[in-house]
Amino acid sequence: MPELSQIELSLLRLIREDPFAGQQEMAHRLGISRPAVAAHVMRLTERGHILGRGYVLPQEGRIVAIGGAVIDRKYHARAPLIAGTSNPVEGTRSFGGVARNVAENLALLGASTGFVSAVGTDESGRDLLRHLRERGVDTAHVLSLPDQRTAEYAAILEPGGDLAYGIADMAIFDALTPEMMDSVWPAVASASLVFADCNLPAATLAALIEKRPRSRFSLAVDAVSTPKVARLPRELKGIDLLFMNFDEACAWKNCIFTRDIKGMMDAANALHEAGAAAVVLSCGTLGVVVHTKDAVSHVPVVEANPVDMTGAGDAMIAGTLNFYSRNDTLVEAVRKGALIGSLTTETPASVHPELSTDFVEACLHRLGPSVTNGDHLVRN
Ligand SMILES: Nc1ncnc2c1ncn2[C@@H]1O[C@H](COP(=O)(O)OP(=O)(O)O)[C@@H](O)[C@H]1O
Ligand SMILES: O=c1[nH]cc([C@@H]2O[C@H](COP(=O)(O)O)[C@@H](O)[C@H]2O)c(=O)[nH]1
């Protein structure tokens, strides 16, 4: 994150004390010219330290999720699936999309959360936005597109809850272009943490990663699926926190790591060497590997009685982002994230309906003893 100069810090302090002071007065108080004040204000606005006219300062600790908003249809098989024939299932419908799931989980955990995505003006899109608003997510920057279908995902689940097939109808996300992101940039740039998923087109992900070093926010990215991980650039510099599952990491690297903790560590190391500052790599019951510049740690899975895995990875991400941005170390945050992921496998819903910080607190006994060393999220 670029450091602010002394003059920029003084200017922000002046604006905080007197948001209505004119540029001439600020110039006088800082001992610089009025055009110099204007240039600093422009730079601070571009980088998200000022939200626009009237010099409104951003709310600290805000997290903005950018990416998929989806209607999930889940078909739960009553007996092991047989290919090439009709299988009896129990069908349910819920709200999904990786970024949407992350945003809903974050809001339930009490984080100030914004969401950027695209939905159709159909009933599904309207329901989805209403539900998010009821949860307290700011949806002001979600596009509602009249001629497009809200995205859909169908998951065919084995009796134990494991995914047999996932089918994604998501053409609407082509509208999430770099230009669209520019049009909502002040809302994105003013976040302390931006979470993007690979439902975004490759060009939009690249633009976000490119802008990151000139912005105040930290950037977290999730791969979404093995086909969509290909949308990430080969060079991952600019990503502060990269979430992937084991299969996505193999697909990104185009090689097969061994499916054990050592293989997970090798995969995380490959992603770190490609430039991601920190990597959180999960592999179901094998747990999660956390790779930072200083250490590689393994977080074991929290034992659960799973009924449906959908949304568990997204819950783990949201829990990690929430507790990391509240100043837990990354490993501590991942431990709580993994706990929320495991709790989510125990409900048929993609987002745990009872989730709250009190609920997490009440379930902490399911974790082992805590680890206290490690990195904190650097914040300005
Ligand atoms: N069998 C399981 N028992 C308990 N928790 C699980 C299980 N499978 C997944 N989880 C939880 O879901 C998280 C993500 O699962 P994983 O399968 O690694 O990723 P994804 O859902 O993205 O494919 C894990 O970190 C863990 O918290
Ligand atoms: O191409 C995509 N497939 C699937 C999803 C979403 O992924 C979620 C499940 O994620 P997981 O089980 O990996 O946590 C579902 O809500 C689904 O809508 C998505 O956003 N994009």
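Just so it is clear, the structure is predicted and the values come from calculations on it, not from any experiment. (Residues numbered from 1 in each chain as written. Chains lettered and ligands numbered in written order. Predicted model: local features only at pLDDT ≥ 70, side-chain atom pairs only at ≥ 80, totals over all residues. Heavy atoms only, no water.)

## Looking at the environment of G238
Here's step 1: Tracing the chain through its elements places G238 in the loop between β10 (218-222) and β11 (241-245).
Here's step 2: A sequence separation of 81 residues divides G238 from G319, and the C-alpha atoms of the two residues are 22 Å apart.
Here's step 3: Aside from chain neighbours lying at most four places away, what touches G238 is I209, R212, L219 and G275. (Helix = DSSP H or I, 4+ residues; strand = E, 2+ residues; numbered from the N terminus. Contact = heavy atoms within 4.5 Å.)

## Thoughts on the site of ligand 1
Here's step 1: Near ligand 1, the surroundings consist of 18 residues, among which N245, S282, G284, A338 and S342 are the closest.
Here's step 2: Note that an oxygen atom of ligand 1 is positioned 3.3 Å from one of the backbone N or O atoms of C283.
Here's step 3: G284 has a polar backbone atom sitting 2.7 Å from an oxygen atom of ligand 1.
Here's step 4: Relative to its unbound accessible area of 550 Å², ligand 1 is 79% covered by the protein chains.
Here's step 5: Mapped by element, the contributors of at least two residues to the shell around ligand 1 are α11 (312-325) and α12 (330-345).
Here's step 6: It is α12 that contributes the most residues to the shell around ligand 1, four residues altogether. (Near = heavy atom within 4 Å. Polar contact = N/O pair within 3.5 Å; in protein donor to acceptor, adjacent residues only side chain to side chain. Areas by Shrake-Rupley, 256 points an atom, 1.4 Å probe, with all protein chains shown as cover.)

## Observations concerning the domain arrangement of the protein
Here's step 1: On domain assignment, one finds that the protein holds domain 1 (6-46) and domain 2 (63-366).
Here's step 2: Each of domain 1 and domain 2 has a C-alpha centre, and the two are 39 Å apart. (Domains from an automatic or database assignment.)

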